[in-house]
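Here is what each chain is made of, one letter per residue.
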Amino acid sequence: MLAIGSARRARNISSSINIPVFIYILGILLSPFLLLKPVIADEKIRYGISHWPPYSMTEQSQISGINYDVGLEMEKRLGVEFDIRVCPFKRCLLELESGALDLFSGVAKNADREKYMAYSSPPYSAVSVVFYVRNGEADILKNYDDLYKLRVGYVAKSHYFDPFNKDETIPKVDVDKEQRLLPMLNSNRIDTYVGTDPNASYEVLTMGFKGKLEKAKYNPNVEVPLYFAMSRKSKHLAIIDRVGQVVQDMHDDGTMKRIHNKYQ
């Protein structure tokens, strides 16, 4: 009788469980994990790279450079897959603003950009601002005020230093990428251009302008930190803190330094 009574009670308990309700509750409990899966594992992160040697070289069959190598290492450590998108710097920024790109590197902070992109922390690199002139003309640019008398080339949408960035009284000539500025200066279409080292010196050397162009005497003594940043419209925005942690780990274990040294 005891065994029969126990069996009846077990049948009564099982029959009282509402299966559809149980499945509904289980779905609610598991939904956060199901929602996270496509963001982290199933969808590629669209990573923008613009030609900016030695940070990124995109005009040959195989992309290379600091930004590319750091991206490959980050891909492994995050456990995600990057879809590499090559675009001019200005277009990369526009695509970050629209959400057509998820992630970008080699970008400095400013208030306008922070409206549409979230920066990881800490920075992964830094560059120093320099001005180039034609060989033998270093004296034409000795201080900031000399810029008002010169046609100054720069890359559109780039952030160099204040007050230069917002100074509209300087006669500026914008281009879409830095490599256009060297032949423009050499052919007298501009009088100077602003760039950043190490990439400015790298371009002078590799593009055949050594002995034709030199640094101006004016040195603004400005170092610009470079960051990884993610579009605020990206569905992957939640991993921006993990991106920053990977950058920090790569600094701590020497990986970041090894990658930079490879291109010096």
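Residues numbered from 1 in each chain as written. Predicted model: local features only at pLDDT ≥ 70, side-chain atom pairs only at ≥ 80, totals over all residues. Heavy atoms only, no water.

## Let's talk about helix H8 (residues 240–252)
Put simply, the rule is: A run of H or I in DSSP becomes a helix once it reaches four residues, and a run of E becomes a strand once it reaches two; helices and strands are each numbered from the N terminus. To estimate how far a helix should extend, the number of its residues minus one is multiplied by 1.5 Å. Relative accessibility under 20% of the residue-type maximum defines a buried residue, over 50% an exposed one, and the middle range a partly exposed one, all with a 1.4 Å probe and only protein chains included. Arc, as used here, means the arc of the directions from the helix axis to the C-beta atoms. It only takes one pair of heavy atoms within 4.5 Å for two residues to be counted as in contact.
Between its first and last C-alpha, H8 extends 19 Å over 13 residues, near the 18 Å set by a 1.5 Å rise per residue. Listing the buried residues of H8 in full gives Ile240, Val243, Gly244, Val246, Val247 and Met250. What you see down the axis of H8 is that its buried residues fit within an arc of 160°, all on one side. Of the exposed residues in H8, the ones pointing more than 90 degrees away from its buried face are Asp241 and Asp252. On its buried face, H8 is in contact with helix H3 (66–78), strand S4 (117–119), strand S10 (223–231) and helix H9 (255–262).

## Some words on the packing of aromatic side chains
As a reminder, the rule being used: Working definition: rings of Phe, Tyr and Trp (its six-membered ring) pair if their centres are within 6.5 Å, and the pair is stacked with planes under 30 degrees apart, edge-to-face with planes over 60 apart, and tilted otherwise. A ring has a charge above it when a Lys NZ or an Arg CZ is no more than 6 Å from the ring centre and no more than 35 degrees off the ring normal.
All chains considered together, the criterion is met by 14 aromatic pairs. Measuring from centroid to centroid gives 5.9 Å for Tyr144 and Tyr148, while their planes differ by 80°, and the two rings are edge-to-face. A relative accessible area of 15% means that Tyr144 is categorised as buried. You can call Tyr148 partly exposed: its relative accessible area is 35%. Geometrically, the ring pair formed by Tyr160 and Phe164 is edge-to-face, given 6.0 Å between the ring centres and 80° between the ring planes. A relative accessible area of 5% places Tyr160 in the buried class. Here a set of aromatic residues connected by ring pairs shows up, and it is made of Phe131, Tyr144, Tyr148, Tyr160, Phe161, Phe164 and Tyr218. Across from the ring centre of Tyr227, 4.9 Å away, lies the NZ or CZ of Lys109, which sits over that ring. A cation over an aromatic ring shows up here: Lys172 above the ring of Phe164, its NZ or CZ 4.3 Å from the ring centre.

## What about the packing of H3 against H8?
As a reminder of what qualifies: Axis definition: a line fitted to C-alpha atoms, over the contacting stretch in the case of helices. Angles run 0 to 180 degrees between N-to-C directions. Here roughly perpendicular refers to angles of 65 to 115 degrees, roughly parallel to angles under 35, roughly antiparallel to angles over 145, and oblique to all remaining angles. Handedness of a crossing is defined here by the sense of rotation of the near helix relative to the far one, left-handed for an anticlockwise turn of less than a right angle and right-handed for a clockwise turn. Lys, Arg, Asp and Glu make up the charged group, whereas Ala, Val, Leu, Ile, Met, Phe, Trp, Tyr, Cys and Pro make up the nonpolar group; the residues left over, Gly among them, are polar.
Across the interface, H3 lies against H8 with an axial gap of 10 Å and an inter-helix angle of 115°. If you check the angle between H3 and H8, you find them roughly perpendicular. In this structure, H3 crosses over H8, and the sense of that crossing is right-handed. Where H3 abuts H8, its residues Val70, Glu73, Met74, Arg77 and Leu78 lie against Arg242, Val243, Val246, Val247, Asp249 and Met250. The class makeup of the residues in the contact of H3 with H8 is seven nonpolar, no polar and four charged.

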